[in-house]
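# Architecture and fold: a report
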Amino acid sequence: MLAYFDKPCVCFLTFSFAVRNGKIEDNNKESREPTVRPNLGFYVQTINDLVKETEAIGEKMNPNYEEIRKAIDEKKEAEVTPERLAEITRIFKEGTDKYRLMLEKISKLRPPANVMGIHKKFERAYMKYVAGCDEMILSLDNKIDQEAFDAAEAKQDEATDEISFAIQRMTALLLKK
């Protein structure tokens, strides 16, 4: 989990100048728009909130996942009624839609330069996680497809490990400052 910073972060504006023929020239002539550096505090807080929200959604859906997992493990897939399967699928779709919205937020975030690469890895892992969720939903279409369900579960587990690694690495890099 990312740590909170107790000092407020300031958004810095930078302008680009160059020395040409002994004169200082403004490189921002066309737009006159300042370049805004990423706000470290905002970035850290947003990532922290996204991780917490992801965990909360997962915890909310987990009893439904456990119900399907138990039915598969006990070879009682046929005992899950079509109505119950439809309800679980609906719950999974709602959760996955929320994950998709968070993925959009991740994609739009402006990470500090020192974590740009690991942020991209985090984003790709989150995409993989959402894809695994979509695959799990498809594995419950009309009946439980054990093979597809297991494959989706494995994909989600792998993506979760990658997300955890990225969060730990980001935290280490950001706390170095």
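Just so you know, these numbers come straight off a predicted model, no measurement behind them.

## Things to note about the overall build of the protein chain
Summing up its helical and strand segments, the protein chain has four helices and four strands in all. Residue burial in the protein chain is summarised as follows: out of 177 residues, 36% are buried. Within the protein chain, counting contacts between residues at least 6 apart in sequence, those at least 24 apart form 73% of the total. Surface exposure of the protein chain reaches about 11,200 Å², of which carbon and sulfur atoms provide 55%.

## Thoughts on the pattern of salt bridges
Under the definition given, this model contains 13 salt bridges. For Asp150, the salt bridge identified is with Arg69, shortest N-O distance 2.8 Å. Residue Asp150 is found in helix 4 (residues 146–175), and its partner Arg69 is found in helix 1 (residues 40–73); the two are separated by 81 residues along the sequence. A relative accessible area of 27% means that Asp150 is categorised as partly exposed. Lys128 is paired through a salt bridge with Glu158; the nearest N and O atoms lie 2.4 Å apart.

## Examining helix 1
What sets the pattern is the α-helix's 3.6 residues per turn: residues three or four places apart point alike. With 34 residues, helix 1 extends 46 Å from end C-alpha to end C-alpha; this agrees with the ideal 50 Å at 1.5 Å per step. For helix 1, the principal kink sits at Asn62 and spans about 40 degrees; a proline, Pro63, occurs within the next four residues. N-capping of helix 1 is provided by Asn39, with a side-chain oxygen placed 3.0 Å from the backbone N of Gly41. At the exit of helix 1 stands Lys75, carrying a positive phi of roughly 55 degrees.

## Some remarks on the environment of Leu103
Summarising the element assignment, Leu103 is placed in helix 2 (residues 82–108). For Leu103, a relative accessible area of 12% translates into the label buried. For the pair Leu103 and Val130, spaced 27 residues apart in the sequence, the C-alpha separation amounts to 8.3 Å. Excluding residues within four positions of it along the chain, Leu103 makes contact with Glu123, Tyr126, Met127 and Val130.

## Some remarks on the packing of aromatic side chains
Counted under the stated rule, the structure contains five aromatic pairs. Ring geometry for Tyr65 against Phe149: centres 5.8 Å apart, planes inclined by 10 degrees, an arrangement best described as stacked. With Tyr65 in helix 1 and Phe149 in helix 4, the pair connects residues that are 84 residues apart, well separated along the chain. Taken individually, Tyr65 and Phe149 each receive the classification buried, so the pair is uniform in this respect. Summarising the aromatic geometry, the rings of Tyr126 and Tyr129 are spaced 6.4 Å apart at their centres and angled 55 degrees between planes, so their arrangement reads as tilted. Placement of the pair is Tyr126 and Tyr129 together in helix 3 (residues 116–138), with a separation of three residues, close to one helical turn. With a relative accessible area of 2%, Tyr126 lands in the buried category. Take Tyr129: its relative accessible area is 14%, and that puts it in the buried class. Taken together, Tyr99, Phe122, Tyr126 and Tyr129 form an aromatic cluster joined through their ring pairs.

## Thoughts on the packing of helix 1 against helix 4
Look at helix 1 against helix 4: their axes get within 12 Å of each other, and the N-to-C directions meet at 155 degrees. Relative to helix 4, the element helix 1 lies roughly antiparallel. Of the two elements, helix 1 crosses helix 4, and the hand of that crossing is left-handed. Only Gln146, Phe149, Asp150, Glu153, Ile167, Met170 and Leu174 of helix 4 make contact with helix 1, whose side of the interface consists of Leu40, Tyr43, Val44, Ile47, Val51, Tyr65, Ile68, Arg69 and Ile72.

Rules used throughout
Residues numbered from 1 in each chain as written. Predicted model: local features only at pLDDT ≥ 70, side-chain atom pairs only at ≥ 80, totals over all residues. Heavy atoms only, no water. Helix = DSSP H or I, 4+ residues; strand = E, 2+ residues; numbered from the N terminus. Buried < 20%, exposed > 50% of the residue type's maximum accessible area, 1.4 Å probe, protein only. Contact = heavy atoms within 4.5 Å. Areas by Shrake-Rupley, 256 points an atom, 1.4 Å probe, with all protein chains shown as cover. Salt bridge = Lys/Arg side-chain N within 4 Å of Asp/Glu carboxyl O. Expected span 1.5 Å × (residues − 1). Bend = angle between axes of the 7 residues up to and from the residue. Polar contact = N/O pair within 3.5 Å; in protein donor to acceptor, adjacent residues only side chain to side chain. Phe/Tyr/Trp six-rings, centres within 6.5 Å; stacked < 30°, edge-to-face > 60°. Axes fitted to C-alpha atoms, helices over the stretch in contact; angles between N-to-C directions. Parallel < 35°, antiparallel > 145°, perpendicular 65-115°, else oblique. Left-handed = near helix turned anticlockwise from the far one by under 90°.

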